[in-house]
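# Report on the structure
Each chain is listed here by its residues.
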Amino acid sequence: MSIAAPETSIHPALLEHTKERRRSFQNRIADAITTFAGSMWFVYLHIVWFTAWIGLKIERYPYGLLTMIVSLEAIFLSTFVMISQNRQDDARRHLADQEWRMVRTEEQQNEELLKLSNQILELTKAIHEVTRVHTEASTIPPTTGPSSK
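Residues numbered from 1 in each chain as written. Predicted model: local features only at pLDDT ≥ 70, side-chain atom pairs only at ≥ 80, totals over all residues. Heavy atoms only, no water.

### Quick word on a nonpolar patch on the surface
- A cluster of nonpolar side chains, Phe36, Met40, Trp41, Val43, Tyr44, Leu45 and Ile47, forms an exposed patch at the surface whose accessible area comes to about 740 Å².
- Looking at which element gives the most residues to the nonpolar patch, the answer is helix α3 (residues 40-55), with 6 residues.
- Within the fold, Trp41 resides in helix α3. (Patch = residues over 30% accessible without salt bridge, like charges linked within 9 Å, V, L, I, M, F, W, Y side chains within 5 Å. Areas by Shrake-Rupley, 256 points an atom, 1.4 Å probe, with all protein chains shown as cover. Salt bridge = Lys/Arg side-chain N within 4 Å of Asp/Glu carboxyl O. Helix = DSSP H or I, 4+ residues; strand = E, 2+ residues; numbered from the N terminus.)

### Digging into helix α1 (residues 12-22)
- Buried within α1 are the following residues: Ala13, His17 and Arg21. Here the buried residues of α1 occupy an arc of 80 degrees about the axis, which is enough to place them on one side. Those residues of α1 that are exposed and angled more than 90 degrees off the buried face are Pro12, Lys19 and Arg22.
- In this fold, the buried residues of α1 make contact with α2 (25-37) and α4 (64-138). (Buried < 20%, exposed > 50% of the residue type's maximum accessible area, 1.4 Å probe, protein only. Arc of directions from axis to C-beta. Contact = heavy atoms within 4.5 Å.)

### Remarks on the pattern of salt bridges
- Evaluated as defined, the whole model comprises 5 salt bridges.
- When the shortest N-O distance is used, the salt bridge between Arg87 and Asp31 registers 2.5 Å. Within this pair, whereas Arg87 is found in helix α4, its partner Asp31 is found in helix α2, the two being separated by 56 residues in sequence.
- The closest approach of N and O atoms between Arg93 and Asp90, which form a salt bridge, is 2.5 Å. On the criterion of helical spacing, the pair formed by Arg93 and Asp90 is a turn pair, its members being 3 residues apart in helix α4.
- Here the salt bridges do not stand alone but share partners, grouping Glu129, Arg132 and Glu136 into one network.

### A closer look at unusual backbone geometry
- The omega torsion across Tyr61 and Pro62 is 20 degrees, close enough to zero to call that bond cis.
- Within the secondary structure, Pro62 sits in the loop between α3 and α4.
- One non-glycine residue, Lys57, lies in positive phi territory at about 50 degrees.
- With respect to the helices, strands and loops of the structure, Lys57 is situated in the loop between α3 and α4.
- Residue Lys57 is classed as exposed on the basis of its relative accessible area of 68%.
- Backbone geometry places Tyr63, a non-glycine residue, at a positive phi of 60 degrees.

### Things to note about the packing of aromatic side chains
- Applying the stated criterion across every chain, the model contains 5 aromatic pairs.
- Ring plane angle 85 degrees and centroid distance 6.4 Å describe the contact between Trp49 and Trp53, whose orientation is recorded as edge-to-face. Taken together, the residues Trp49 and Trp53, both in helix α3 and 4 residues apart, mark about one turn of the helix.
- With relative accessibility at 10%, the residue Trp53 sits in the buried group.
- An aromatic cluster is built from Trp49, Phe50 and Trp53, whose rings are joined through pairwise contacts. (Phe/Tyr/Trp six-rings, centres within 6.5 Å; stacked < 30°, edge-to-face > 60°.)

In short, geometric facts, not functional conclusions.
Dropping the structure here:
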């Protein structure tokens, strides 16, 4: 028995935003780096790298070159984190704009439906009034004649 992975629904506005981002080469590079830097493979690579650096005694303690390399890497990674946050903010803004346009459209549709509902109500009242008048005019009251006494 296998368990199917749940389907992830992606909002059409987010798909559109993703397509727009992929048009830029710089965005594709930044997305690839952030995806890799946020993965466990990145952690495993660093474990192997630090273990090899220290185990193979590439330099002696206090590991000045390693510290400098890791510091530079941290600077670049923090920049990519900010780029990723900006990307997420852009996606949220894009989604919010799309939803706002949808809300405004729905609001206009609701106003039109209210107008139609009021017109239907007025027509129903008019039909009811015509029907009532017609029914009263058609109904002849029973007459009481001399034979009924």
